[in-house]
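Fold and contact review
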Amino acid sequence: MIGRINHIGVATPSIAESLKMYADLYGAADVTHIGALPEQGVSVAFVNLPNGQIELIEPYGDASPIVAFLEKNPKGGQHHLCFEVDDIIEARDALRAKGATILGTGEPRIGAHGVPVIFVHPKNSGGVLVELMLKPPAGH
Ligand code: CO
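Note that the structure is predicted; figures quoted are calculated from it, not measured. (Residues numbered from 1 in each chain as written. Predicted model: local features only at pLDDT ≥ 70, side-chain atom pairs only at ≥ 80, totals over all residues. Heavy atoms only, no water.)

Details of the nonpolar core
Rules: Among buried residues, those of type Ala, Val, Leu, Ile, Met, Phe, Trp, Tyr and Cys that are joined through side-chain atoms within 4.5 Å constitute a nonpolar core. When a residue's accessible area, from a 1.4 Å probe over protein chains only, is under 20% of the maximum for its type it is buried; when over 50% it is exposed; and in between it is partly exposed. Secondary structure is summarised from DSSP: a helix means a run of H or I of at least four residues, a strand means a run of E of at least two, and numbering begins at the N terminus for each. Should any heavy atoms of two residues lie within 4.5 Å, those residues are considered in contact.
Counting 10 residues, the largest nonpolar core consists of Phe 83, Val 85, Ile 88, Ala 91, Ala 100, Ile 102, Ile 118, Val 120, Val 130 and Leu 132. Listed by contribution, the elements that provide at least two residues to this core are strand E5 (77–85), helix H3 (88–97), strand E7 (116–120) and strand E8 (129–134). Other than its neighbours up to four places away in sequence, Phe 83 contacts Ile 2, Gly 3, Arg 4, Ile 5, Asn 6, Val 130, Glu 131, Leu 132 and Met 133. Ala 28, Ala 45, Val 47 and Leu 56 belong to the second-largest nonpolar core, a separate cluster that totals nine residues.

Following this line, the structure appears as structure tokens:
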């Protein structure tokens, strides 16, 4: 059973320009610095909102997994939804038992929040890429 929505992933050709847009247009100026996640092929920054975050992701390196997405959506667009779960392995195994496809090796990897994450193929979720992340410790 999934828990709260942790963040909405949005791909962008320029995190810096997206941060400026959220601040100038929407007044959302509580943002994190831009950090690179070379192993995942993305740079990320977060817009902090009262009930969650927007995760802005920009390609990092030539083998970035979001290059193809941005070729189809050159101005960027909504990329994934992320839900918290209490046990990432249990969630993965339950999804697999129901026939869902976990992307990559299926082994959780450490995501932008420092906790394990997995991704579920969009074909299993009405065309939406779903990220599941281990519920972060309180205060994070
Ligand atoms: Co995410």
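Overview of the sheet that holds strand E2 (residues 35–37)
Operational definition: Paired strands, as defined in this entry, are two strands with at least two bridges between them according to DSSP. Axes here refer to lines fitted to C-alpha atoms; in helices the fit is confined to the stretch in contact. Angles between the N-to-C directions go from 0 to 180 degrees.
As summarised here, the arrangement of the eight strands in space is E2-E3-E4-E1-E5-E8-E7-E6, forming an open sheet in which the pairing is mixed. Single-partner strands in this sheet number two, and they are E2 and strand E6 (109–110). Two strands pair when backbone bridges link them, and E2 and strand E3 (residues 42–49) are joined in this way by three bridges, in the antiparallel orientation. Across the sheet, the residue bridging to Gly 35 is Val 44, located in E3. With respect to the sheet, helix H1 (residues 15–26) is in contact with E3 and strand E4 (52–59), its orientation differing from that of E4 by roughly 150°.

Thoughts on the coordination of the cobalt ion
We count it as follows: Metal donors: N, O and S atoms at distances within 2.8 Å, or within 3.2 Å for Na, K and Ca, with water omitted from the atom set so that some sites may seem incomplete. Geometry is assigned from the angles between donors: four donors with all angles from 85 to 135 degrees make a tetrahedral site, four or six donors whose opposite pairs exceed 155 degrees while the rest stay between 65 and 115 make square planar or octahedral sites respectively, and everything else is labelled irregular.
Every protein donor of the cobalt ion is accounted for by His 7 (NE2), Glu 55 (OE), His 80 (NE2) and Glu 131 (OE), and the metal-donor separations fall at 2.0 to 2.2 Å. With four donor atoms in place around the cobalt ion and angles of 84 to 169° between them, the coordination shape is irregular. Donor residues for the cobalt ion sit on one chain with the sequence pattern H-x47-E-x24-H-x50-E. In this pair, Glu 55 sits in strand E4 while His 80 sits in strand E5, placing the two residues 25 residues apart along the sequence. What makes Glu 55 buried here is its relative accessible area of 5%. Residue His 80 is classed as buried on the basis of its relative accessible area of 3%.

Focus: the pattern of salt bridges
Going by this rule: Note on definitions: salt bridges are taken to be side-chain nitrogens of Lys or Arg within 4 Å of carboxyl oxygens of Asp or Glu.
Summed over the entire model, instances satisfying the criterion amount to four salt bridges. Note that Arg 92 is salt-bridged to Asp 93, the shortest N-O span being 3.0 Å. For Arg 92, a relative accessible area of 8% gives the class buried. Within the structure, one salt-bridge network assembled from shared partners comprises Arg 92, Asp 93 and Glu 107.

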